[in-house]
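So the chains spell out like this:
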Amino acid sequence: MNINFTAASVGERILAYIIDIIIKIAYVVVIYQITLNVLGVDDMIEDMDRWSQIAIMVSFYLPVVFYSLIFETFLDGQTIGKRIMKIKVVKIDGYQASLYDYLVRWFFRIVDLNMASGIVALIAIVTSKKSQRLGDMTAGTSVITLKNNVNISHTILEELDQDYIPTYPNVIKLSDNDARIIKETFNRAKSARDYETLIKLRNKIIEVAEIKKNNESDMEFIDRVLKDYNYYTQGM
């Protein structure tokens, strides 16, 4: 199921990429100064054989090579550059990408960004409907913007009666972004009488929130989930 979202612009992605490049360069400079000059490793390396020298240099540069994979995995789809630019990698269904997805994106950087100085990635992003580079297309991901013109609470807010009793406590496993996407998709599908999308949306909610028992119709269930989410997160 594909859910609509606001893709990050080419400019935002380029700026995030430049920030990450600066961070990588700063890391290399600092590590070089500390290991070779401060700790005097330079003299030790000169006394080593060629393969030992290569092994040490490779170990120094590994964090640079795996930079995007490491940060996107531990920062939920963001490198430092992406976090500063408020953009994020997600699955095209709007939910959190997995380690496998990040690994695929990282592997395709060889083609997307390292070959032809990023021209391949730029062309793919500009011509793709969801602003995807080749790595995104293969992993089923895209980079979205987290910038909103309105406060997120206004977007997902639901009116609740004072005596409202929630049904699905597991909805707290959802994030604000999940709730926003669910509500937007729900309203759009309901208006268009798109029952197929409602069924897919219901199944996705059940999968992500791990809800086991629900006997309501698709519309009733999704509406209840949104209200329950508001109920449990009002004071958070």
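Criteria and thresholds
- Residues numbered from 1 in each chain as written.
- Predicted model: local features only at pLDDT ≥ 70, side-chain atom pairs only at ≥ 80, totals over all residues.
- Heavy atoms only, no water.
- Axes fitted to C-alpha atoms, helices over the stretch in contact; angles between N-to-C directions.
- Helix = DSSP H or I, 4+ residues; strand = E, 2+ residues; numbered from the N terminus.
- Parallel < 35°, antiparallel > 145°, perpendicular 65-115°, else oblique.
- Left-handed = near helix turned anticlockwise from the far one by under 90°.
- Contact = heavy atoms within 4.5 Å.
- Core = buried A, V, L, I, M, F, W, Y, C linked by side-chain atoms within 4.5 Å.
- Buried < 20%, exposed > 50% of the residue type's maximum accessible area, 1.4 Å probe, protein only.
- Salt bridge = Lys/Arg side-chain N within 4 Å of Asp/Glu carboxyl O.
- Phe/Tyr/Trp six-rings, centres within 6.5 Å; stacked < 30°, edge-to-face > 60°.
- Lys NZ or Arg CZ within 6 Å of the ring centre and 35° of its normal.
- Nonpolar A, V, L, I, M, F, W, Y, C, P; charged D, E, K, R; others polar.

Caption draft 1: View of the packing of helix H11 (residues 176–192) against helix H13 (residues 218–233). Packing of H11 against H13 leaves a shortest axis separation of 11 Å and a crossing angle of 150°. The angle between H11 and H13 falls in the class roughly antiparallel. You can see that H11 and H13 cross each other, and the crossing is left-handed. Between H11 and H13, the contacting residues are Asp176, Ala179, Ile182, Lys183, Phe186 and Lys190 on the first element and Met219, Ile222, Asp223, Leu226 and Tyr229 on the second.

Caption draft 2: Inspection of the nonpolar core at higher detail. Grouped together as the largest cluster of nonpolar side chains are 17 residues, with contacts concentrated most on Val171, Ile182, Ile205, Ile211, Phe221, Ile222 and Val225. Counting only elements with at least two residues in this core, the list comes to H11, helix H12 (195–209) and H13. By residue number, the principal contributor to this core is H13, which donates five residues. In contact with Val171, not counting residues within four places along its chain, are Ile211, Val225, Asp228, Tyr229 and Tyr232. Of all hydrophobic cores here, the second largest spans eleven residues; its members include Leu69, Val89, Trp106 and Val143.

Caption draft 3: Representation of unusual backbone geometry. For Asp76, which is not glycine, the phi torsion reads 55° and is therefore positive. Relative to the helices and strands, Asp76 is located in the loop between helix H4 (67–74) and helix H5 (80–85). The exposure class assigned to Asp76 is partly exposed, which follows from its relative accessible area of 43%. In the Ramachandran plot, Arg193 falls in the positive-phi region, its phi being about 55° despite a non-glycine side chain. Summarising the element assignment, Arg193 is placed in the loop between H11 and H12.

Caption draft 4: Main features of the pattern of salt bridges. Inspection of every chain in the model, using the stated rule, returns 13 salt bridges. The salt bridge partner of Lys91 is Asp101, with a shortest N-O separation of 3.3 Å. Of this pair, Lys91 sits in strand S1 (residues 87–91) while Asp101 sits in helix H6 (residues 99–107), and the two are ten residues apart along the sequence. Ionic pairing is found between Glu207 and Lys204, a salt bridge with its closest N-O pair at 4.0 Å. Residue Glu207 and its partner Lys204 are located together in helix H12, separated by three residues, close to a single helical turn. Residue Glu207 is classed as exposed on the basis of its relative accessible area of 54%. According to the relative accessible area criterion, Lys204 is buried, its value standing at 17%. Among the charged side chains, a salt-bridge network with shared partners connects Arg13, Glu72, Lys82, Arg105 and Asp136.

Caption draft 5: Summary view of the packing of aromatic side chains. Taken as a whole and assessed by the stated rule, the structure comprises six aromatic pairs. Here Tyr164 and Tyr231 contribute two aromatic rings whose centre-to-centre distance is 6.0 Å and whose plane-to-plane angle is 55°, an arrangement assigned as tilted. Placement of Tyr164 in the loop between helix H10 (152–156) and H11 and of Tyr231 in helix H13 is noted, with a sequence separation of 67 residues between them. A centroid spacing of 5.3 Å and a plane angle of 65° characterise the contact between Tyr168 and Phe221, whose relative ring orientation is edge-to-face. One end of the pair, Tyr168, is in the loop between H10 and H11; the other, Phe221, is in helix H13, and 53 residues separate them in sequence. Of the two residues, Tyr168 and Phe221, neither departs from the other in class, the shared state being buried. Members of the aromatic cluster, each reached through a chain of ring pairs, are Tyr164, Tyr231 and Tyr232. Positioned over the ring face of Phe221 is Arg202, at 4.8 Å from the centre of the ring.

Caption draft 6: Inspection of the environment of Thr35 at higher detail. Topologically, Thr35 is positioned in helix H1 (residues 10–38). For the pair Thr35 and Phe60, spaced 25 residues apart in sequence, the C-alpha to C-alpha distance is 9.4 Å.

Caption draft 7: Fine view of the packing of H12 against H13. As a packed pair, H12 and H13 sit with axes 10 Å apart at the nearest point and diverge in direction by 45°. With respect to each other, H12 and H13 are oriented oblique. The handedness of the crossing between H12 and H13 comes out as left-handed. Packed against H12, whose contacting residues are Tyr195, Leu198, Ile199, Leu201, Arg202, Ile205 and Ile206, the element H13 presents Asp218, Met219, Phe221, Ile222 and Val225 at the interface. Residues of the contact of H12 with H13, tallied by class, amount to ten nonpolar, no polar and two charged.

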